[in-house]
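Each chain, letter by letter, is given below.
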Amino acid sequence: MTIQLNNNQEDFTAPEQSLSVSELLAAKGWTFPLIIVRVNGTLVKREQWASCKVVEGDEVEALHLVSGG
Amino acid sequence: MNTRDWYRSVLSTKTVGIAGCGGLGSNCAAALARAGIGRLIIADFDSVSEANLDRQYFFRDQLGLAKAVALKATIGRIDPAVKVEAHTVRLDPKNLLDLFAGCDVLIEAFDDAAQKAMLIEAILQDRPELPLISSSGLAGWGRSNSIQVYHSQNLIMIGDLSSEVSETLPPTAGRVAIAANMQANEAIALLLGDKT
């Protein structure tokens, strides 16, 4: 399936035509402790990552937060 | 009206909230004050320490003062016309919504990543229409061009999204102030109706 990830078009292998947010982050190898995830503009909190499904055409943003200021 | 008078007259009617008065918040506040912002709502629980002087917009004679109080005094010296509401408080998901309720733009200027996440999640959940300018990834020095502006609807992220502060990668004055001034710059553009 093809989605927009951080404003880039990317293809993912998804046998069931969808991936959970957790699976998507794992596929990218993103294991940062603090990430803000939005799917089609809506905040998806960490406790929803396993249940929230991403499908073809979705716009996903995953923003890594690190300390410093 | 010439363009300088126009932008200053527009900004003089606007309110910006700044969550955190450290390296990001203090430098951002100074830039917004110089640009003629009408009102600032600033908040920080901490007080000025000697180590803060390596990058934060404070002065040696302000050591020990609450940061929000010291920053208010400094802004008053830059431009006494800027109204400053200073809060010495530890922000949480509840009090920040009340404290920044009247803002046109909110700047996330915390140091700690968990605090950044707390504020961003609270705003995206309860005030998604409020423009929020956050920052992530500004540690170290050099690599000026790696500090990017990332737009996600009403959320703007500034930084390289990867350089985390550590023992071997401390924050330094130039790079922190670049990010802080980029936050101020994006706020000004939003307030003037320039979304480009």
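Per-chain numbering applies: the sequence of each chain, read as written, is numbered from 1 onward. Each chain is given a letter, starting from A, and each ligand a number, starting from 1, according to the order in which they appear as written. Reporting of local features is limited, given that this is a predicted model, to residues whose pLDDT is at least 70; pairs of side-chain atoms are given and counted only at 80 or more, and all residues count toward the totals for whole chains, interfaces and linings.

1. Quick look at the nonpolar core
All names here are of chain B.
Right, on to step 1. To count as a nonpolar core, a set of buried Ala, Val, Leu, Ile, Met, Phe, Trp, Tyr and Cys residues must be joined through C-beta atoms within 7 Å. Here exposure depends only on C-beta density: within 10 Å of a residue's C-beta, 20 or more other C-beta atoms make it buried, 12 or fewer make it exposed, and intermediate numbers make it partly exposed, the C-beta atoms being placed from the backbone. Of all hydrophobic cores here, the largest spans 74 residues; its most connected members are Ile 18, Ala 19, Cys 28, Leu 32, Leu 40, Ile 42 and Ile 107.
Right, on to step 2. Numbering goes from the N terminus for both helices and strands, where a helix is a DSSP run of H or I of at least four residues and a strand is a run of E of at least two. Element by element, the count of residues in this core is highest for helix H6 (residues 173-191), at 9 residues.
Right, on to step 3. Beyond its immediate sequence surroundings of up to four residues, Ile 107 is in contact with Val 16, Gly 17, Ile 18, Ala 19, Gly 25, Cys 28, Ile 133, Gln 183 and Ala 187. A pair of residues counts as a contact when their C-beta atoms, built from backbone coordinates, are within 7 Å of each other.

2. Some remarks on the sheet that holds strand S7 (residues 155-159) of chain B
Two pairing modes exist for strands in a sheet, parallel and antiparallel, and in both the strands are linked by backbone hydrogen bonds.
Residue and element names in this part refer to chain B.
Right, on to step 1. Paired strands, in this sense, are two strands between which DSSP finds at least two bridges. What the 7 strands build is an open sheet, ordered S3-S2-S1-S4-S5-S7-S6; its pairing is mixed. The sheet is open, and its two edges are formed by strand S3 (83-87) and strand S6 (148-152), each paired on a single side. If you compare each strand with its neighbour and ignore which way they point, the axes differ by 15° on average.
Right, on to step 2. Bridging between strand S1 (residues 15-19) and strand S2 (residues 39-43) involves 5 bridges; their strand directions are parallel. Among the inter-strand pairings, Val 16 is bridged to a residue of S2, identified as Leu 40. Lines fitted to C-alpha atoms define the axes, with helix axes restricted to the stretch in contact, and inter-axis angles between N-to-C directions lie between 0 and 180 degrees.

3. Quick word on the environment of B:Ser26
All names here are of chain B.
Right, on to step 1. Structurally, Ser 26 is set in helix H2 (residues 23-34).
Right, on to step 2. Residue classification places Ser 26 among the buried residues on the basis of 29 C-beta atoms within 10 Å.
Right, on to step 3. Ignoring anything within four residues of it in the chain, the contact list for Ser 26 reads Cys 21, Gln 56, Tyr 57, Phe 58 and Leu 71.

4. Notes on the interface of chain A and chain B
Right, on to step 1. Counting residues at the interface gives 14 residues for chain A and 30 residues for chain B.
Right, on to step 2. Listing elements by their share of the side of chain A that touches chain B, those giving two or more residues are strand S4 (35-39) and strand S7 (59-64) of chain A.
Right, on to step 3. A class-by-class count of the residues in the side of chain A that touches chain B yields 6 nonpolar, 5 polar and 3 charged. The residue classification treats Ala, Val, Leu, Ile, Met, Phe, Trp, Tyr, Cys and Pro as nonpolar and Asp, Glu, Lys and Arg as charged. All others, Gly included, are polar.

5. Side note on the packing of H2(B) against H6(B)
Residue and element names in this part refer to chain B.
Right, on to step 1. Running from N to C, H2 and H6 point in directions that differ by 45°, and their axes come no closer than 8 Å. The orientation of H2 with respect to H6, classified from their angle, is oblique. Viewed along their axes, H2 and H6 form a crossing whose handedness is right-handed. On H6, the residues touching Gly 23, Leu 24, Asn 27, Cys 28, Ala 31 and Leu 32 of H2 are Val 176, Ala 177, Ala 179, Ala 180, Asn 181, Gln 183, Ala 184 and Ala 187.
Right, on to step 2. Taken together, the residues of the contact of H2 with H6 break down into 10 nonpolar, 4 polar and no charged. Convention used here: angles under 35 degrees read as roughly parallel, angles over 145 as roughly antiparallel, angles from 65 to 115 as roughly perpendicular, and any remaining angle as oblique. It is the rotation of the near helix from the far one that decides the hand of a crossing: anticlockwise by less than a right angle makes it left-handed, clockwise makes it right-handed.

6. Quick word on the sheet that holds S4(A)
Residue and element names in this part refer to chain A.
Right, on to step 1. The strand order across the open sheet built from 5 strands is S2-S1-S7-S4-S5, with neighbouring strands paired in mixed fashion. The open sheet is flanked by strand S2 (8-11) and strand S5 (42-44), the only strands paired with a single partner. The mean angle between the axes of side-by-side strands here comes to 35°, regardless of whether they run parallel or antiparallel.
Right, on to step 2. In this structure, S4 lies alongside S5, joined through 3 bridges in antiparallel fashion. Of the residues in S5, the one forming a bridge with Val 39 is Thr 42.

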